[in-house]
Amino acid sequence: MDRGHELLALAVPIAREAAELARTMRAAGVDPVATKSTLTDVVTAADRAVERQVREAIHAARPGDAVLGEEYGDSQKASAVRWILDPIDGTVNYLYDLPQYAVSLAAEVDGVVVAGVVINAATGREWTAVLGGGAHADGRKLSGSQQADLRQALVGTGFGYAADRRLHQAAVLAGLIGDIRDVRRFGAAAIDLCLAAEGSLDAYYEKGLNAWDHAAGGLVAAEAGLLVTGLAGAAPGPDMVVAAPPALHGALHDRLVELDAEKGP
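The notes below deal with the structure included here. A quick note: this is a predicted structure, and the numbers were derived from the prediction, not measured.

Right, let's talk about the pairing of strand S9 (residues 134-137) for a bit. As a general feature of sheets, a regular strand has side chains that alternate between the two faces. Pairing of strand S8 (residues 126-130) with S9 involves 4 bridges; the strand directions are antiparallel. The residue of S9 that forms the bridge with Ala129 is Ala135. What sits between S8 and S9 in their antiparallel hairpin is a turn of 3 residues, with Gly132 showing a positive phi close to 80°. Two elements, S9 and strand S10 (residues 140-141), share 2 bridges in a ladder whose sense is antiparallel. Counted as the bridge partner of His136 is Lys141 from S10.

This is the structure we're talking about:
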């Protein structure tokens, strides 16, 4: 078994148990326990409980590995293998009991993501990928959208927590909306990337994503054949993540550049 498949074999059951914990805590009721970057950027007790559970499971199986998680940061271990975790991607959806929130867990080796799993904890939908081994959803191999005309593309996106960033993102969307079929905003970047991977969205873009938001979902999208990039030759990251099939990527990318999508706050 190669390294990617080996790490995915560990990631999947850990992520499934984490998704079950998130569902159980949601059913029991949830309140925000704190805010982070802004008053609208909430963290719940469930976010922290799920992250602790995943960290403990990884360290029990592979005590030398590093972990980067949204809630507790980087473990600061010197290790060739690092796990990248978003315990509940889509916390606001979770808070409002909207069925779009995910456990996202990726493994990188020497800085390259080689395995990833995203589970919609509300529904149980599961997406996995291994570097060089393709992407799958519930056992089905993914190949992305066949749409080649941006004007007919259904495009996913998201918005930041800070009001000034949302205003910039809204202006970008206002410039783009006339060039595409329509837009969808589901509120969980990891799920959005997986929906693009399976063709339920034709493409996806968003400014402001952290590594834990796109590590696993980005690998799923890339292994489904999508181009996952930043703008103007940059790697995907906080300034921009664009995920689209090759036939759509150039047109979407260029329009986002024209609209200064990676600029602003």
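Moving on, we get to the packing of aromatic side chains. Across all of its chains, the model carries 1 aromatic pair by this definition. Arranged with centres 4.8 Å apart and planes meeting at 85°, the rings of Tyr94 and Tyr101 form a pair that is edge-to-face. Neither Tyr94 nor Tyr101 differs from the other in exposure class; each is buried. A cation sits over an aromatic face here: Arg26 above Tyr94, 6.0 Å from the ring centre.

This next bit is on the sheet that holds strand S13 (residues 203-206). Pairing is mixed in the open sheet, where 5 strands are placed in the order S12-S11-S13-S15-S14. For this open sheet the edge positions go to strand S12 (182-184) and strand S14 (227-229), each flanked by a neighbour on one side alone. Across this sheet, the average inter-strand angle for adjacent strands is 20°, counted without regard to direction. The pairing of strand S11 (residues 154-156) with S12 spans 3 bridges and is classified as parallel. What sits directly across from Leu154, in S12, is Asp182.

Here we come to helix H5 (residues 189-198). Here H5 lies mainly inside the structure; 10 of its 10 residues are buried. The set of residues buried in H5 consists of Ala189, Ala190, Ile191, Asp192, Leu193, Cys194, Leu195, Ala196, Ala197 and Glu198.

So, about unusual backbone geometry. With a phi angle near 50°, Asp138 is a residue other than glycine that sits in the positive phi range. The backbone of Ala232 shows a phi angle near 55°, a positive value even though the residue is not glycine. Take Ala232: it is sitting in the loop between S14 and strand S15 (241-244).

Reading across the sheet, the 8 strands line up as S4-S3-S5-S6-S7-S8-S9-S10 and stay open at both edges, with mixed pairing between neighbours. Looking at which strands have only one partner, the edges of the open sheet turn out to be strand S4 (73-74) and S10. Inspection of the sheet shows strand S5 (residues 81-89) paired to strand S6 (residues 102-109) by 7 bridges, in the antiparallel sense. When the sheet's bridge partners are listed, Asp89 is paired in S6 with Ala102. Helix H1 (residues 3-27) contacts S5, S6, strand S7 (112-120) and S8 of the sheet and is inclined by roughly 30° relative to S7.

The buried count for S6 comes to 8 of 8 residues, which makes it a mostly enclosed element. Of the two faces of S6, the one lined by Ala102, Ser104, Ala106 and Glu108 and the one lined by Val103, Leu105, Ala107 and Val109 are each fully buried. Pairing geometry for S6 and S7, over 8 bridges, is antiparallel. Residue pairing across strands places Ala106 opposite Gly116, the latter belonging to S7. Hairpin connection between S6 and S7: a loop of 2 residues separates the two successive antiparallel strands, and Asp110 in this loop has a positive phi of roughly 50°.

What counts, and where the lines are drawn
Residues numbered from 1 in each chain as written. Predicted model: local features only at pLDDT ≥ 70, side-chain atom pairs only at ≥ 80, totals over all residues. Heavy atoms only, no water. Pairing = 2+ DSSP bridges. Helix = DSSP H or I, 4+ residues; strand = E, 2+ residues; numbered from the N terminus. Phe/Tyr/Trp six-rings, centres within 6.5 Å; stacked < 30°, edge-to-face > 60°. Buried < 20%, exposed > 50% of the residue type's maximum accessible area, 1.4 Å probe, protein only. Lys NZ or Arg CZ within 6 Å of the ring centre and 35° of its normal. Axes fitted to C-alpha atoms, helices over the stretch in contact; angles between N-to-C directions. Contact = heavy atoms within 4.5 Å.

Such coordinate-based values are descriptive only and should not be taken to indicate function.
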